[in-house]
Amino acid sequence: MRLQSDDGTRRLRDDEAGIEEAAAILRAGGTVAFPTETVYGLGADATNGEAVARIYAAKGRPRFNPLIAHLPDAEAAFAQGRFDEAAQKLAAAFWPGPLTLVVPLSEKAPISDLARAGLPSIGLRVPHHPAAEALLRTVARPVVAPSANRSGHVSPTTADHVLADLDGRIDAVLDGGSTRVGVESTIVACLDGAPRLLRAGGVPREALEAALGRPLAEAGEAVIAPGMLASHYAPAARLRLDADAIEPGEAALLLGAHAPAGLDRARVAINLSPRGDLGEAAARLFAALRDLDAAGVDTVAVAPIPRHGLGEAIRDRLLRAAAPRG
Ligand code: TXA
Ligand code: MG
């Protein structure tokens, strides 16, 4: 086994041998990108501060943000944090699945300070993906994993996206094909009795509120998700949101069967889901932003996206992608 190889990043198959190898690298303090149902994560042993530091070096992250710790099942996650009634309900309803719960750190949890950015809370997630589950079970330690992209780039939904950003900067990528959900997990903080939505994501708000039997509180000043930089998901192209017509020279990002005025003069047009399915649109979003960048377009006119269901997460990512660069 090699760490930090000079000759690029190894691409591992998501079979038993590949998963064993990936787990061995993680246990030795290395960095491995792996698939989840949302996006690819860049994993490191959460209990090893030096390993966690390698994530920041690889991503070129300007500062330390708290990271999400990934576990193979709810039982393993319960050992890391203190779950109030709301957190227990949400874990029962959505794990494994695209939901991260921020809860007070358990005293016995071995997670390093750096992984939490010094916070007394921890973000926990049980991904719904066979290769991720097998990897986490084999590592048998919490694995922190931010999205496996260079800081400020869009999140990767294939192993090729990971290598485009991080080849030579990480030890390996476990190739599990395209991710199914395509946007990151929903983050809910359960810290003060009132569950709060910190980030829209793969589990829609409506589903969370149905499971809780009450509305979610908004993230107040008290509980922020540090690292939610406004321009976090930035492609190179400028995005013009809620566009009802395409201007000359623009590319078009569409949803549904409706053809906006001026579509015939669009430089490139990508439809996230011709049948208007928000799940399909979420799964294709980040690859579409990468494809538009690769086509070298300056401005993308983005069709209106509904606000319900996964539309909230899609709109959130597009707003960040459209935000002025800091
Ligand atoms: O779907 C996902 O969640 C992916 C996959 C790889 O699991 N991961 C991901 O990680 O999106 P990342 O690092 O890109 O985003 C994690 C977010 C950050 O905005 C961070 O501030 C927030 O989670 N977060 C983590 N722990 C937190 C805590 N204790 N309190 C508040 N926010 C926290
Ligand atoms: Mg990210």
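Here the structure is a predicted model, which means the values were calculated and not measured.

Per the stated rule, a full pass over the model turns up 3 aromatic pairs. In textbook terms, an aromatic cluster arises when at least three aromatic residues are bridged by ring pairs, as seen for Phe-78, Phe-83 and Trp-95.

Residues Thr-299 and Ala-301 line one face of strand β15 (residues 299-302) and the alternating positions Val-300 and Val-302 line the opposite face, and both faces are buried. Relative to β15, strand β13 (residues 251-254) is paired through 3 bridges, and the arrangement is parallel. Paired with Ala-251 across the two strands is Val-300, which belongs to β15.

This part covers the sheet that holds strand β11 (residues 217-218). Paired through backbone hydrogen bonds, the strands of a sheet run either parallel or antiparallel to each other. With mixed pairing, the 11 strands of this open sheet are ordered in space as β1-β8-β2-β3-β7-β4-β6-β5-β9-β10-β11. Edge positions in the sheet fall to β1 (10-13) and β11, since each of these pairs with one other strand and no more. By the bridge criterion, 4 bridges tie β1 to strand β8 (residues 172-175) in an arrangement that is parallel. By the bridge assignment, Arg-10 is partnered in β8 with Ala-172. With respect to the sheet, helix α1 (residues 16-27) is in contact with β1, β2 (32-34), β3 (41-45), β7 (143-144) and β8, its orientation differing from that of β1 by roughly 130°.

So, on to the domain arrangement of the protein. Examined at the domain level, the protein breaks down into domain 1 (10-218) and domain 2 (238-322). Contact residues are listed per partner, giving 23 residues for domain 1 and 14 residues for domain 2. Between domain 1 and domain 2 lies a buried interface of about 1400 Å² when both sides are counted; carbon and sulfur atoms form 56% of it. Interface area lost by domain 1 to domain 2 is led by Val-154, Val-183 and Ala-200, which between them contribute 35%. Seen at the junction of domain 1 and domain 2, the total is 3 salt bridges. Across the pair Arg-317 and Glu-184 runs a salt bridge, and its minimum N-O distance is 2.8 Å. Scanning the region where domain 1 abuts domain 2 turns up 6 residue pairs in polar contact (both at pLDDT 80 or more). Per-element accounting of the side of domain 1 that touches domain 2 gives the leading share, 3 residues, to helix α7 (residues 159-166). Partitioned by chemical class, the residues of the side of domain 1 that touches domain 2 number 9 nonpolar, 8 polar and 6 charged.

How each quantity is defined
Residues numbered from 1 in each chain as written. Chains lettered and ligands numbered in written order. Predicted model: local features only at pLDDT ≥ 70, side-chain atom pairs only at ≥ 80, totals over all residues. Heavy atoms only, no water. Phe/Tyr/Trp six-rings, centres within 6.5 Å; stacked < 30°, edge-to-face > 60°. Buried < 20%, exposed > 50% of the residue type's maximum accessible area, 1.4 Å probe, protein only. Helix = DSSP H or I, 4+ residues; strand = E, 2+ residues; numbered from the N terminus. Pairing = 2+ DSSP bridges. Contact = heavy atoms within 4.5 Å. Axes fitted to C-alpha atoms, helices over the stretch in contact; angles between N-to-C directions. Domains from an automatic or database assignment. Buried area = accessible area lost by both parts, 1.4 Å probe. Salt bridge = Lys/Arg side-chain N within 4 Å of Asp/Glu carboxyl O. Polar contact = N/O pair within 3.5 Å; in protein donor to acceptor, adjacent residues only side chain to side chain. Nonpolar A, V, L, I, M, F, W, Y, C, P; charged D, E, K, R; others polar.

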